[in-house]
Amino acid sequence: MAEQAIDRSKMMVSDEVAIQINNMNKWYGQFHVLRDVNMTVYKGERIVICGPSGSGKSTLIRCINRLEEHQAGQIVVDGTELTNDLKNIDKVRSEVGMVFQHFNLFPHLTILENCTLAPIWVRKIPKREAEETAMHFLSKVKIPDQAHKYPGQLSGGQQQRVAIARSLCMKPRIMLFDEPTSALDPEMIKEVLDTMIELAEEGMTMLCVTHEMGFAQAVANRVIFMDKGQIVEQNEPREFFNNPQSERTKLFLSQILGH
Amino acid sequence: MTEFTPFVRTDMLEQREPPAGQRGIILWARENLFSGPMNTALSLIGLVVILWLASHMVPWLLHGVWNANSLTECREIITATWGPDATGACWAMVRERWHQYVFGFYPMDLYWRPTLAFVLMLVAIAPILYQSLPRQMMWFTALYPFVCYWLLWGGTIWAPVVVLMGFGLFALVFRLLVSGLGVPVSAGLGLVAAAAWWLLVQTPLSAAIHSVLPVGLRSVDSDQFGGFLLSIVIGVTAIAASLPMGILLALGRKSDMMLVRTLSVGFIEFIRGVPLITLLFTASLLLQYFLPPETNFDIILRVIILVTLFAAAYIAEVIRGGLAALPRGQYEAADALGLDYWQAQRLIIMPQALKISIPGIVSSFIGLFKDTTLVAFVGLQDPLKGITAVVRADINWKGIYWEPYIFAGVIFFLICFGMSRYSMWLERKLKTDHR
């Protein structure tokens, strides 16, 4: 991964805030999953979030589009604060794309219909225009010829690329990736990561929960390590991998890089 | 070390027939009927039972008499033709009384009306059953209930027209309010407006228009309905009404809103806990106590309402099973794309949940259709008990036993089997997951 040539010309972090999280806390019943999380994401950032399972990293990014509700603190996405107001939630969700571990394509719709559904019903874009946009993004993820198949006929890697295209069709300002390659065969991981790298090269603001450390080193401008619902360490990738500060981070890195 | 001879094939082999005993019926019989001593024994016993049944039934069916005027005459013909000990079916009864099985006591000179309604029903159902038909046909489907009501019961044409205007009022209120108040509240207010229209405006308005423009058909009372006409009227209406109601109940049961959830659970569990016959008695007797004394609430309508409620509770549970089978990721993906609740339900969740539930829903429909015969207990002329009792009361057909049941049974079987085959076809057609 590291030896791959990456075009960094458009990877620029602006000083415009994309996501602001202040003192955010979340509980599942009695269990305190997220503890005093503070984080500012600037436009154009590529952030990789890693950590052991159960550390709250998925929950954190799922709070950003309100798939999970936080109980204390503040989350402001692109100037809109997430509260119980459904209008705000739908607004944020239409601005923030999300890619899931298990793709979550709609199996009863064709690939093309998967991609045009939300633009047509949420953005109220005419069908023809939505289809053109969808074909554009399907070409971008290199599967335009599968447009009229159903998700069940595609390989895992292809399905995940469709899921990325489906999110892009909404023209999101921010993309969230929740372990996008964890359910894939080794051969298919690369095709998905390549798509994500391409997206980063275009300057997309990205938050990725992933254990692909090669991807983190090549693309991320910031790596966040979480444990027990807290941000334990964050740094730029070179420092983070070569010179980790906390003992917990050192242990984690030795375990995932050690084999 | 083993030795081998180097080998290169020079001519490819042609495909050959498998050896005898390895193909066709012999192979099938050997694998399925005689694959072991146990299977062979069971097959032989089965064969004996089938032959024994056939030896009794086939002569009875073959000796059937179609031309006779009474059961006694039937028996005389059978004795004369097949000998004194012969038994035979007396289909002459069917020939003479089939119209009562089909129409009950509907006036004979008006048989064209239910017949026309039936043919139009097939046209109205077609676009629902077959997606490939032009969608414009749905307009006729939407109008059909009113046309059907008018054809079957007759009376002034303005009554169904004014009812239709009530639905128009509902749509108008919903349209005006939906952007401000959201789907549930505006639908509720629309229903209130429509109900007020039907209760307060309906009768005087239709009477007033009728006095100016008297267009109408001869009225036919509900107690003249019977046979399969009655079964199909109740069955089809209840099927059409119970599916949307079942969907709403299933969603209500999964709702986050405490009141909606409690009401849905309470309704479903109450209805499922009570036998249908109890509800039918409620329809025919108890409702009369609760309604104002001079209201004449049609008995068929009351039965339809209660059969619908009954079926809806079961269908709600079947659909809840379908909803439970959907992975959480489907809801999350719909949410993450910014679809609102009703969009997500309509576009993502329901198409999949209903597809999973097809076998259960169709089972409920088949059960519902057969349960329409229970209306005999509230004095309606269902094809099985009601009409058969009428036929047997005739001195000519007194003592006829199997033939009416076989006749009614065959028709029920054809309709139910049709539904079952359609559902299997639909399942195959909608199968897109390629598992």
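Residues numbered from 1 in each chain as written. Chains lettered and ligands numbered in written order. Predicted model: local features only at pLDDT ≥ 70, side-chain atom pairs only at ≥ 80, totals over all residues. Heavy atoms only, no water.

**Q** Which residues make up the overall build of chain B, and what values go with them?
**A** When you go through chain B residue by residue, the secondary structure sums to 16 helices and two strands. On C-alpha atoms alone, chain B measures out to a radius of gyration of 29 Å, which is more than a quarter above the 22 Å that the 2.2 N^0.38 rule sets for 435 residues. Dimensions of chain B, computed from the C-alpha atoms along their principal axes, are close to 95 × 80 × 40 Å. For chain B, buried positions account for 38% of its 435 residues. Considering only residue pairs separated by 6 or more positions, chain B has 72% of its internal contacts joining residues 24 or more positions apart. Within the structure as shown, chain B displays about 25500 Å² of accessible surface, and the carbon and sulfur contribution to it stands at 71%. (Helix = DSSP H or I, 4+ residues; strand = E, 2+ residues; numbered from the N terminus. Rg over C-alpha atoms; globule rule 2.2 N^0.38 Å. Buried < 20%, exposed > 50% of the residue type's maximum accessible area, 1.4 Å probe, protein only. Contact = heavy atoms within 4.5 Å. Areas by Shrake-Rupley, 256 points an atom, 1.4 Å probe, with all protein chains shown as cover.)

**Q** How would you summarise the side chain of His108 of chain A if you had to cite specific residues and measurements?
**A** Position of His108 of chain A relative to the elements: it lies in the loop between β6 (96-99) and α3 (111-121). Side chain to side chain, His108 of chain A and Gln352 of chain B meet in a polar contact 3.4 Å long. With sequence-adjacent residues up to four places away left out, His108 of chain A is seen in contact with Tyr150 of chain A together with Leu347, Ile348, Pro351, Gln352 and Thr432 of chain B. (Polar contact = N/O pair within 3.5 Å; in protein donor to acceptor, adjacent residues only side chain to side chain.)

**Q** Help me get a handle on the pairing of strand β8 (residues 205-209) of chain A, residues and values and all.
**A** All names here are of chain A. Judged by how many residues are buried, β8 sits mostly within the fold: five of five residues are covered. Pairing of strand β3 (residues 46-50) with β8, which is carried by four bridges, proceeds in the parallel orientation. Counterpart to Ile47 in the pairing with β8 is Leu207. Pairing between strand β7 (residues 174-178) and β8: five bridges, direction parallel. Bridged to Phe177 within β8 is Cys208. Crossover connection from β7 via helix α6 (residues 186-201) to parallel β8: handedness right-handed. (Pairing = 2+ DSSP bridges. Right-handed = clockwise from strand over helix to strand, strands pointing away.)

**Q** Residue-level account of the environment of Ile111 of chain A, with values.
**A** All names here are of chain A. For Ile111, the location among the structural elements is in helix α3. Overall, Ile111 belongs to the buried group, its relative accessible area being 0%. As a C-alpha pair, Ile111 and Ile143 span 32 residues in sequence and 9.7 Å in three-dimensional space. With residues up to four places along the chain from it excluded, the contact list for Ile111 reads Leu138, Gln146, Ala147, Lys149, Tyr150, Pro151, Leu154 and Val162.

**Q** Residues and numbers for the packing of aromatic side chains, please.
**A** Enumeration according to the criterion identifies 23 aromatic pairs over all chains in this entry. Here the aromatic rings of Phe140 of chain B and Tyr144 of chain B are separated by 6.2 Å at their centres, their planes lie at 55°, and the arrangement is tilted. Of this pair, Phe140 of chain B and Tyr144 of chain B both sit in helix α6 (residues 137-153), four residues apart, which is roughly one turn of the helix. Among the aromatic residues, those joined into a ring-pair cluster are Tyr106, Tyr149, Trp153 and Phe225 of chain B. One residue, Arg166 of chain A, lies across the ring of Phe106 of chain A, its end atom 4.5 Å from the ring centre. When the ring centre of Phe377 of chain B is taken as origin, the NZ or CZ atom of Lys385 of chain B, which lies over that ring, is 6.0 Å away. (Phe/Tyr/Trp six-rings, centres within 6.5 Å; stacked < 30°, edge-to-face > 60°. Lys NZ or Arg CZ within 6 Å of the ring centre and 35° of its normal.)

**Q** Quick rundown of the interface of chain B and chain A? Include the residues and the values.
**A** Each partner contributes to the interface: chain B provides 21 residues, whereas chain A provides 26 residues. Of all residues in chain B, the largest losses of buried area upon contact with chain A belong to Ala336, Leu337 and Thr432 of chain B, amounting jointly to 28% of the total for that side. Taken together, chain B and chain A are joined by two salt bridges. Between Glu332 of chain B and Arg62 of chain A there is a salt bridge, with its nearest N and O atoms 2.6 Å apart. Linking chain B with chain A are six residue pairs in polar contact (both at pLDDT 80 or more). Contributing elements (two or more residues each) for the side of chain B that touches chain A: α13 (328-336) and α14 (341-371) of chain B. (Buried area = accessible area lost by both parts, 1.4 Å probe. Salt bridge = Lys/Arg side-chain N within 4 Å of Asp/Glu carboxyl O.)

**Q** Just give me the short version of the state of the cysteines, but keep the residues and values in it.
**A** Taken as a whole, this structure holds one disulfide over all chains when the rule is applied. The side chain of Cys74 of chain B participates in a disulfide bridge whose partner is Cys90 of chain B; the two sulfur atoms lie 1.9 Å from each other. With the S-S dihedral at roughly 70°, the linkage between Cys74 of chain B and Cys90 of chain B falls on the right-handed side. In this pair, Cys74 of chain B sits in helix α3 (residues 71-82) while Cys90 of chain B sits in the loop between α3 and α4 (92-103), placing the two residues 16 residues apart along the sequence. Cys90 of chain B carries the same exposure label as Cys74 of chain B, and that label is buried. There is no disulfide at Cys50 of chain A, and the cysteine sulfur nearest it, in Cys208 of chain A, is 11 Å away. Cys208 of chain A supplies the cysteine sulfur nearest to Cys63 of chain A, a cysteine that is in no disulfide, at a spacing of 17 Å. (Disulfide = S-S within 2.5 Å.)

**Q** For the packing of α4 of chain B against helix α15 (residues 386-393) of chain B, give the residues involved together with the corresponding values.
**A** Residues and elements named next belong to chain B. Between α4 and α15, whose axes approach to 10 Å, the crossing angle comes to 135°. Relative to α15, the element α4 lies oblique. Taken as a pair, α4 and α15 cross one another with a handedness that is right-handed. Residues Met93, Arg97, Gln100 and Tyr101 of α4 pack against Ile387, Thr388, Val390 and Val391 of α15. Here the contact of α4 with α15 is built from residues that sort into five nonpolar, two polar and one charged. (Axes fitted to C-alpha atoms, helices over the stretch in contact; angles between N-to-C directions. Parallel < 35°, antiparallel > 145°, perpendicular 65-115°, else oblique. Left-handed = near helix turned anticlockwise from the far one by under 90°. Nonpolar A, V, L, I, M, F, W, Y, C, P; charged D, E, K, R; others polar.)

**Q** Hey, could you go over the confidence of the model for chain B for me, with residue numbers and the actual values?
**A** The share of residues in chain B with pLDDT of 70 or more is 97%, and the mean pLDDT across the chain is 88. Two numbers describe this predicted complex: its pTM, 0.85, and its ipTM, 0.90. (pLDDT = per-residue confidence, 0-100.)

**Q** Tell me about the pattern of salt bridges, and please be specific about residues and values.
**A** Residue and element names in this part refer to chain B. The full count for this structure, using the stated rule, is 24 salt bridges over all chains. Arg97 is the partner of Asp394 in a salt bridge, and the nearest nitrogen-oxygen pair spans 2.3 Å. Here the residue Asp394 occupies a position in the loop between α15 and α16 (402-430), and Arg97 occupies one in helix α4, the gap between them amounting to 297 residues. Judged on exposure class, the residue Asp394 and its partner Arg97 are both buried. One salt bridge in this structure joins Arg272 and Glu317, with 3.5 Å as the shortest N-O distance. Here Arg272, found in helix α10 (residues 258-272), pairs with Glu317, found in helix α12 (residues 299-325); they are 45 residues apart in sequence, far enough to count as distant. Taking relative accessible area as the criterion, Glu317 reaches 13% and is therefore assigned buried.

**Q** Requested: an account of empty space enclosed by the protein, with residues and values cited.
**A** Evaluated as defined, the whole model comprises one cavity of 30 Å³ or more. By volume, the largest cavity is sized at about 30 Å³. For the largest cavity, the full set of lining residues is Arg93, Ser94, Val96, Gly97, Met170 and Pro172 of chain A together with Ala336 and Leu337 of chain B. Secondary-structure elements contributing two or more residues to the lining of the largest cavity are α2 (86-95) and β6 of chain A. (1 Å grid on protein atoms, 1.4 Å probe; cavity = no way out; pocket = protein on both sides within 12 Å on 5 of 7 lines; lining within 4 Å. Points joined across faces, edges and corners; volume = space filled by probe spheres on them.)

**Q** Describe helix α8 (residues 183-212) of chain B, listing the residues and the values that go with them.
**A** Counting along an α-helix, one turn takes 3.6 residues, and residues three or four places apart therefore face a common direction. The largest bend in α8 of chain B comes to about 55°, at Val201 of chain B, with the proline Pro204 of chain B one to four residues further on. Considered for burial, the residues of α8 of chain B that qualify are Ser186, Gly190, Ala194, Trp197, Gln202 and Ser206 of chain B. (Bend = angle between axes of the 7 residues up to and from the residue.)

**Q** Residues and numbers for a nonpolar patch on the surface, please.
**A** Residue and element names in this part refer to chain B. On the surface, a nonpolar cluster with roughly 640 Å² of combined accessible area is contributed by Met38, Leu42, Ile45, Val49, Trp52 and Leu53. Along the polypeptide, Val49 turns up in helix α2 (residues 37-62). In this structure Val49 comes out as partly exposed when scored by relative accessible area, which is 42%. (Patch = residues over 30% accessible without salt bridge, like charges linked within 9 Å, V, L, I, M, F, W, Y side chains within 5 Å.)

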